[in-house]
Amino acid sequence: MSNRRAGYRTLTTHRLFWPVVVLVLMLAANTVYRPGFLSVQMRDGHLYGSLIDILRLSAPLILVALGMTLVIATGGIDLSVGSLCAISGAIACLYISRQPDQNSLGGVLTALALGVGVALVLGAWNGVLVAVIGIQPIIATLILMVAGRGLAQLITEGQILTINSGPYKAIGVGHLLTLPLAIFIALAAALLVAAVTRRTALGMMIESVGGNAQASRLAGLRSGRITFLVYVISAACAAIAGFMITANVSSADGNAAGLWVELDAILAVVIGGTSLAGGRFSLSGTILGALLIQTLTTTVYAMNISPQTSLLFKAVVVIAVCLIQAPGFRARFARRRSPAATSAPVTEQPKEQVPA
């Protein structure tokens, strides 16, 4: 009995236990509301279904959240990822729209390279502000969050750029091996980030900087370079996510593309068990958090919840998940079983006689 109780306690205290429980409950609620929710069909050699849609729509958020995880692990924050999504997508669509043949693979690859290149430069700008100049991360990235939207509007000239490019559209809605291509892109990015951070010393360095940057610096670790690098990685992930977002609709909207994705990414990272204070991080938890956020969004739309109350419903569920997995919250409200106190008989010791 004690071993079973200890195993149950170990399971429930795992950082991913409650997010998985909430995800399963949401899937079950969707199944009750729509009996065919879990069904997956094969049409024209491609898999279709609500679960496939959740995975496909989660891909941009997973990419942004992966970069955000590394930034938060160093004790920072990146509020500019949504603007970077809009900028990279706008640059790619603008270049493709000016090509005589929009279906040219070479032109699409050049557009992607330009979008990633500009995003890397802007990510380096964030890294310089934080790591070199010493501006607080929330302020440094807030600058690009605001200015980036204006830059995206300048690129698109305040219009919605519409393109008709098959290769570019495939990034968002194309298929590979019966599954959406976006799923494979997100999976490849997750495996690459995991390999770099878990198979090399980079992950340990990031956790060291997030745990205590000054101690890491005194130990000989160049924490400024690590901080600079994670903002560049975050920008690259946001750029690829921007391609997916604009490819889904074959157009670039500098005002709406990637809007508030930075908040969803932060929520996904926190739900996954990574502390905002920095230090240890969990990539698998981040991916699970992104899937939970997208499943929640799909649930809200499927149940015909009004747009005015959908954000409130989403916030309530996210707060509930964060509170449930918080050890302090569980310790305060959990039932504690204290062993029965056993009282041992007290024997009176004979008094020592003092000689007169």
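Residues numbered from 1 in each chain as written. Predicted model: local features only at pLDDT ≥ 70, side-chain atom pairs only at ≥ 80, totals over all residues. Heavy atoms only, no water.

Student: Could you give me a rundown of the overall build of the protein chain, with the residues and numbers involved?
Tutor: Scanning the protein chain for helices and strands turns up 15 helices and six strands. Out of the 356 residues in the protein chain, the part that is buried amounts to 44%. In the protein chain, the proportion of contacts linking residues at least 24 apart, taken out of those at least 6 apart, comes to 77%. Accessible surface computed for the protein chain: about 19,100 Å², of which carbon and sulfur atoms make up 65%. (Helix = DSSP H or I, 4+ residues; strand = E, 2+ residues; numbered from the N terminus. Buried < 20%, exposed > 50% of the residue type's maximum accessible area, 1.4 Å probe, protein only. Contact = heavy atoms within 4.5 Å. Areas by Shrake-Rupley, 256 points an atom, 1.4 Å probe, with all protein chains shown as cover.)

Student: I'd like to hear about the packing of aromatic side chains, residue by residue, with values.
Tutor: To describe a pair of aromatic rings, one takes the distance between the centres and the angle between the planes. This structure, assessed with the given rule, holds one aromatic pair. Seen from their ring centres, Tyr168 and Phe243 are 6.5 Å apart, and the 70° between their planes marks the pair as edge-to-face. Of this pair, Tyr168 sits in helix α7 (residues 166-173) while Phe243 sits in helix α11 (residues 223-249); the two residues are 75 residues apart in sequence, bridging distant segments of the chain. For the pair shown, Tyr168 and Phe243 are each scored as buried. In this arrangement the basic side chain of Arg43 is found over the ring face of Tyr48, its NZ or CZ atom lying 4.4 Å from the centre. (Phe/Tyr/Trp six-rings, centres within 6.5 Å; stacked < 30°, edge-to-face > 60°. Lys NZ or Arg CZ within 6 Å of the ring centre and 35° of its normal.)

Student: How would you explain a nonpolar patch on the surface if you had to name every residue and give the values?
Tutor: A cluster of nonpolar residues, Ile138, Ile139, Leu142, Ile143 and Val146, forms a patch on the protein surface that exposes about 430 Å² of accessible area. Within the secondary structure layout, Ile138 lies in helix α6 (residues 137-156). A relative accessible area of 46% means that Ile138 is categorised as partly exposed. (Patch = residues over 30% accessible without salt bridge, like charges linked within 9 Å, V, L, I, M, F, W, Y side chains within 5 Å. Salt bridge = Lys/Arg side-chain N within 4 Å of Asp/Glu carboxyl O.)

Student: Summarise the pairing of strand β2 (residues 46-49); cite the residues concerned and give the values.
Tutor: Relative to β2, strand β1 (residues 40-43) is paired through four bridges, and the arrangement is antiparallel. By the bridge assignment for β2, Gln41 is matched with Tyr48. (Pairing = 2+ DSSP bridges.)

Student: So, the side chain of Glu262: which residues are in play, and what are the values?
Tutor: Within the secondary structure, Glu262 sits in helix α12 (residues 261-271). Buried and unpaired, Glu262 has Arg149 as its nearest opposite-charge partner, separated by 5.3 Å. With sequence-adjacent residues up to four places away left out, Glu262 is seen in contact with Met68, Asp78, Leu79, Val81, Gly82 and Met145. (Lys, Arg positive; Asp, Glu negative; His and termini not counted.)

Student: How would you summarise the environment of Gly127 if you had to cite specific residues and measurements?
Tutor: Mapping Gly127 onto the fold places it in helix α5 (residues 105-133). Among the residues examined, Gly127 registers a relative accessible area of 0% and is labelled buried. Sequence separation of Gly127 and Phe228 is 101 residues, and the distance between their C-alpha atoms is 4.1 Å.

Student: An account of the side chain of Thr227 is requested, with residue identities and associated values reported.
Tutor: Following the sequence through the fold, Thr227 ends up in helix α11. Take Thr227: its relative accessible area is 12%, and that puts it in the buried class. Setting aside its immediate chain neighbours within four residues, Thr227 contacts Val130, Ala131 and Val209.

Student: Residues and numbers for the packing of helix α9 (residues 202-211) against α11, please.
Tutor: In helix packing, the relevant descriptors are the interaxial angle and the interaxial distance, both defined with respect to the helix axes. With their axes 10 Å apart at the nearest point, α9 and α11 run at an angle of 105° to one another. It follows from the interaxial angle that α9 and α11 lie roughly perpendicular. The segment α9 lies against α11, with Leu202, Met205, Ile206 and Val209 engaging Ser223, Ile226, Thr227, Leu229 and Val230. Among the residues forming the contact of α9 with α11, the class breakdown is seven nonpolar, two polar and no charged. (Axes fitted to C-alpha atoms, helices over the stretch in contact; angles between N-to-C directions. Parallel < 35°, antiparallel > 145°, perpendicular 65-115°, else oblique. Nonpolar A, V, L, I, M, F, W, Y, C, P; charged D, E, K, R; others polar.)

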